[in-house]
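Residue strings, one per chain:
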Amino acid sequence: MKIFKRLYSNVAEQMVLIVIIVLFSVVMSIVSPYFFRMSNFVNIVQYVSVYGITAIGMTMVILTGGINLSVGGTLALSAWVAAFSMLAGVPWPLAILIALVIGSAVGTINGFAVSVIGIPPLIATLALEQTTRGLQLVFSKGKPLYGFPEGFLKFGAGKVIGDIPMSVLWTLILFVFFAFFLGNTRLGRTIYAVGGNANATKIAGINNNRIISFVYVMCGILSSFAGIILIARMDSAPTAIATGLDMQAITACVIGGASVTCGGKGRIFGTFLGIIIMGLIQNSLDLLNVSAYYQQFVQGLVIFAAVALDALRNKQSGKGFKIPLPRSTRSAA
Amino acid sequence: MEKDLKLEMRDIYKDFAGNPVLKGVTFQLRRGEVHSLMGANGAGKSTLVKILNGIHNADAGTIYIDGQNANIKRSEDAEKYGISFVHQELNICPDLSVAENIFIGRLEKNRFGLYDMTKTKKKAQELLDMIQINLDVTEKVGRLRGAEKQIIEILKALTMNASVLVLDEPTSSLNEKEKKTFFEIVDRLKKQGVSTIFISHFLKDVLTISDRVTVIKDGVNNGVFYAKDIDKDTLITAMMGSATIKRQDRKKIQNENQIAMELIDFSSSNKFGNINLKVSKGSILGVCGLLGAGKTEIARAIFGLDPIDSGRVLINGEKIDKVTPDNMLINGVTMVSEDRKVEGFIPLLSIRENSTLSIFNKMCKQAGIFDYAKQISYSEELAKKMTVKCSSIEQPVGSLSGGNQQKVVISRCVAAEPSVFILDEPTRGVDVHAKAEIYQILTNMANNGVAIIVFSSELEELLEVCDDIVILKKGRITEMVRATDTDKNTLLSKIS
């Protein structure tokens, strides 16, 4: 009984999401014979893997009270450079490393702009999105790249342990790793503290700039990694790649309970449920043969419902204990 | 029932999650009376006020206004009954003018339905004239001083035709002179028939301004007094059960020559200049001055929160090259800042995490992974030592009462085992009991060799806890006195 209680208190925050997922699954299992199959579940996770991995980084950024609109550009630029390097004869593991270095470089610039210069995250990362997309266009001159080495394709798009795609495996590994990181390490908990009240952490002797830079660097690296998975799965690096990735990732975080108005609130587990919900919706609409024209509309509705439910629940439980006004990381960074 | 009763809260009960906070409190407010509400942190007075405001709903009990049963479920209901609240945290828009702030939400409109600035200004001027305050209605409110902002809040309440005014800790940020002006206004309103509920921890202010005082203790009404018949000790006894404040025993300073921290020619353009200070190990130094004398500015500059133009900080005789909060912490300096809500703690995080925030690195196994067992036992012990009142150390600090929040903030500094401890207004908004506990903690730390600097505008506090007191005037040190050689009146005349 005690174990159940503890388990419940751990997932209580995300209860609404879990209920939605269960209800959705039950209804879908009745409606469609194809839904309740292992292969379909794998399919769902695979579908959301790219923005799922990006959403991990986004969650950390949102936890500090920031936002990152440059994930798409970061992905596009680093993936293109990795592709180009491989075609130029660079060994694929090194090409992946190059991509991650580019991701961390973009993250460093973001972090510097937000923490040291003090540009609002929305503006700084918007500028970087343009810059990185632009650079990729300059390099690629509009031409897609394709034909990658066998090893690279196996790394990002191969299958292991029976029939599990690498993309699914990577997604699960990264989610577990970062859930542990944010919950159980000094750095992870400091991210929550800085997001919860940057003024207080400053007086407590924490170097806010370092923490804020760190989350943008991690977000950049994760975006690049998502890019590697993406081009491996497509076996091609097109120029218009990962458009709308930023909004997909932010949506997943918000559904999962991260707060974009005040920092310090949100969990990796929540974000995971967020991407699963998004994947479920897409999957169900496909299985039910809903015309592609309606899909975006329905997605919007479901997202709205999920977020509204969560907000209402918070309003109930939050009675009598007011969370202070939203603050910007800028003022204290 | 008394005829001239404006408001009555009868037999109010309220519990939070099975934890009874109010156990049948009755509170009566007469017409045109200033009635103070007192009680220790957690006694239930803020819950009572929140029930009146409709923020909480009582489990049982009734509210009567003008003898009629009043149904207050939301804040708007309270407003409808003519009850206005002036909160400790001011709700002003710093970029709007005085007139606009007073009439915010009810700005005058011209016949096209557009904002009529002239008319608004005129009405604001009338209000100011009525209470005889000399203020420019076009001045931006952000430029005003604390007391003036407070006055605007009151005027705002008056424009809503308030007949009951609830003032929550209105004097905590005012200096003696501003307080006087403030009391005059309350007095004038009283003559106009407005009833005032005054909530404050300042016993002196309460006794000065009130007609009557109701003391709440442990969720019950522990007595109603006529202010002119009682003194401080009576109030403290009613609040605490016994008089608790007295000067702490201090160990003799072992070695006055061992300087823990020294400031040399500390200057910042128009805030303060030529500050030279020495604090020896195991001593408590007080810094006092009026609002605007530069207390907070100096405290923040020492810790690297605000930049300085020139000057040096020496810790244990060594010059600190990089004066930033993180570097000061490494050098054994910690600080409690003036504004607890803004800079003190992280509201969503637990007592456990807030109190160990500065020593996360000591709470880890390898690779920065937390040793939760260690952290839990450490912070549990700390919370006990600091007498933090909580259901468990996992309680978010945002849900604690003000005094307990402050204790958590101080815990964080104590945990860092500092050699120099800077406190700016350490007991603002904290009840007498918690104050005494905080003083005890500071005294113990000093007895163990920590150098402590207390920046405070509460003279009693400085006299009670400090060894020496530095007088600050317009950003310059004018004098230094022994706390045992002076008294409150002498200090007051020295700072003003």
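Residues numbered from 1 in each chain as written. Chains lettered and ligands numbered in written order. Predicted model: local features only at pLDDT ≥ 70, side-chain atom pairs only at ≥ 80, totals over all residues.

Here the focus is the overall build of chain B. Across its full length, chain B holds 17 helices and 20 strands. For chain B, whose C-alpha radius of gyration is 24 Å, the value lies close to the compact-globule estimate of 23 Å for 496 residues. If you line up chain B on its principal axes, its C-alpha atoms span 65 × 50 × 50 Å. The proportion of buried residues among the 496 residues of chain B is 45%. In chain B, once contacts between residues fewer than 6 apart in sequence are set aside, the share between residues at least 24 apart is 68%. (Helix = DSSP H or I, 4+ residues; strand = E, 2+ residues; numbered from the N terminus. Rg over C-alpha atoms; globule rule 2.2 N^0.38 Å. Buried ≥ 20, exposed ≤ 12 C-beta atoms within 10 Å, placed from the backbone. Contact = placed C-beta atoms within 7 Å.)

Moving on, we come to the overall build of chain A. Looking only at helices and strands, chain A has 15 helices and 4 strands in total. Since a compact globule built from 333 residues should have a radius of gyration of about 20 Å, the 20 Å found for chain A is in line with a globular shape. Seen through its principal axes, chain A has C-alpha atoms that stretch 60 × 55 × 40 Å. Of all 333 residues assigned to chain A, the portion counted as buried reaches 50%.

Turning our eyes to something else, we now look at the pairing of strand β19 (residues 468-473) of chain B. All names here are of chain B. Direction of pairing for strand β13 (residues 284-288) relative to β19: parallel, over a ladder of 4 bridges. From the neighbouring strand, leucine 285 faces β19, where its bridge partner is aspartate 468. Sheet topology places β19 next to strand β20 (residues 476-482); 6 bridges connect them, and they run antiparallel. Along β20, the bridge assignment pairs aspartate 468 with arginine 482. Where β19 folds back on β20, the antiparallel hairpin that results is connected by 2 residues, among which lysine 474 adopts a positive phi of roughly 45°. (Pairing = 2+ DSSP bridges.)

Residues and elements named next belong to chain B. When cut into domains, chain B gives domain 1 (5-240) and domain 2 (259-332 + 418-495). Computed from C-alpha coordinates alone, the two centres of domain 1 and domain 2 are separated by 33 Å. Counting residues at the interface gives 12 residues for domain 1, matched by 11 residues for domain 2. The dominant element in the side of domain 1 that touches domain 2, judged by the number of residues it contributes, is helix α8 (residues 232-240), at 3 residues. The residue makeup of the side of domain 1 that touches domain 2, split by class, is 4 nonpolar, 6 polar and 2 charged. (Domains from an automatic or database assignment. Nonpolar A, V, L, I, M, F, W, Y, C, P; charged D, E, K, R; others polar.)

This part takes up the interface of chain B and chain A. Of the residues lining the interface, 28 residues belong to chain B; the matching set on chain A comes to 25 residues. If you list the elements that add at least two residues to the side of chain B that touches chain A, you get α10 (325-330) and α11 (340-344) of chain B. Among the elements that make up the side of chain B that touches chain A, the one with the highest residue count is α11(B) (4 residues). The residue makeup of the side of chain B that touches chain A, split by class, is 15 nonpolar, 8 polar and 5 charged.

To continue, consider the packing of helix α5 (residues 92-117) of chain A against helix α11 (residues 208-234) of chain A. Residues and elements named next belong to chain A. One way to put it is that α5 packs onto α11 with a least axis distance of 7 Å and a crossing angle of 145°. Between α5 and α11 lies a crossing whose hand is right-handed. Taken together, the residues that form the contact of α5 with α11 break down as 16 nonpolar, 14 polar and no charged. (Axes fitted to C-alpha atoms, helices over the stretch in contact; angles between N-to-C directions. Left-handed = near helix turned anticlockwise from the far one by under 90°.)

With that settled, consider the pairing of strand β17 (residues 420-424) of chain B. Residues and elements named next belong to chain B. Most of β17 sits out of view: 5 of its 5 residues are buried. Burial of β17 is two-sided: the residues Val420, Ile422 and Asp424 facing one way and the residues Phe421 and Leu423 facing the other way are all buried. By the bridge criterion, 5 bridges tie β17 to strand β18 (residues 451-455) in an arrangement that is parallel. Following the sheet pairing, leucine 423 is matched in β18 by valine 454.

So, on to the environment of B:Gly368. You can see B:Gly368 is positioned in the loop between α12 (351-355) and α13 (372-385). For B:Gly368 and B:Ala40, which are 328 residues apart along the polypeptide, the C-alpha to C-alpha distance reads 41 Å. Not counting residues within four places of it along the chain, the set of residues in contact with B:Gly368 comprises A:Thr185, A:Arg186 and A:Leu187.

Attention now moves to the environment of A:Gln130. All names here are of chain A. Topologically, glutamine 130 is positioned in helix α6 (residues 121-140). Look at glutamine 130 and you get partly exposed, because 13 C-beta atoms sit within 10 Å. Considering only alpha carbons, one finds glutamine 130 and glycine 220, 90 residues apart in sequence, at a separation of 15 Å.

Residues and elements named next belong to chain B. Pairing is antiparallel in the open sheet, where 4 strands are placed in the order β12-β11-β14-β15. Only two strands of the sheet have a single neighbouring strand rather than two, namely β12 (272-280) and β15 (318-319). Pairing geometry for strand β14 (residues 310-315) and β15, over 2 bridges, is antiparallel. Directly across from isoleucine 315, in β15, lies its bridge partner glutamate 318.

Moving on to the sheet that holds β17(B). Two pairing modes exist for strands in a sheet, parallel and antiparallel, and in both the strands are linked by backbone hydrogen bonds. Residues and elements named next belong to chain B. Spatially, 6 strands are ordered β16-β17-β18-β13-β19-β20 in an open sheet, and the strand pairing comes out mixed. Both edges of this open sheet fall to β16 (333-336) and β20, since each of them pairs with a single strand only. The mean inter-strand angle of the sheet, taken between neighbouring strand axes irrespective of direction, is 20°. Packed onto the sheet, helix α9 (residues 295-302) meets β13, β17, β18 and β19 and runs at close to 145° relative to β17.

Here chain A averages 87 in pLDDT, while 91% of its residues score no lower than 70. Segment residues 318-333 of chain A is flagged for pLDDT under 50; beyond a separation of four residues in sequence, or across chains, it makes 35 contacts in the model. (pLDDT = per-residue confidence, 0-100.)

Time to look at the nonpolar core. With 167 residues, the main nonpolar core has A:Ala79, A:Val215, B:Ile422 and B:Ile452 as its most contacted residues. Ranked by the residues each element gives to this core, the list is headed by α11(A), at 17 residues. Not counting the four nearest positions on each side in its chain, A:Val215 is found in contact with A:Met60, A:Val61, A:Thr64 and A:Ile191. B:Met38, B:Ile63, B:Ile65 and B:Ile102 belong to the second-largest nonpolar core, a separate cluster that totals 58 residues. (Core = buried A, V, L, I, M, F, W, Y, C linked by C-beta atoms within 7 Å.)

Right, let's talk about helix α9 (residues 186-196) of chain A for a bit. Counting buried positions along α9(A) gives 9 out of 11 residues, so the element sits mostly inside the fold. Looking only at α9(A), the buried set comprises A:Gly188, A:Arg189, A:Thr190, A:Ile191, A:Tyr192, A:Ala193, A:Val194, A:Gly195 and A:Gly196. Where the residues of α9(A) are buried, they touch α3 (38-63), α8 (166-184), α10 (198-203) and α11 of chain A together with α12 of chain B.

This brings us to the confidence of the model for chain B. Taken residue by residue, chain B gives an average pLDDT of 84. The fraction at 70 or more is 94%. Interface confidence for the predicted complex, given as ipTM, is 0.81, next to a pTM of 0.77.

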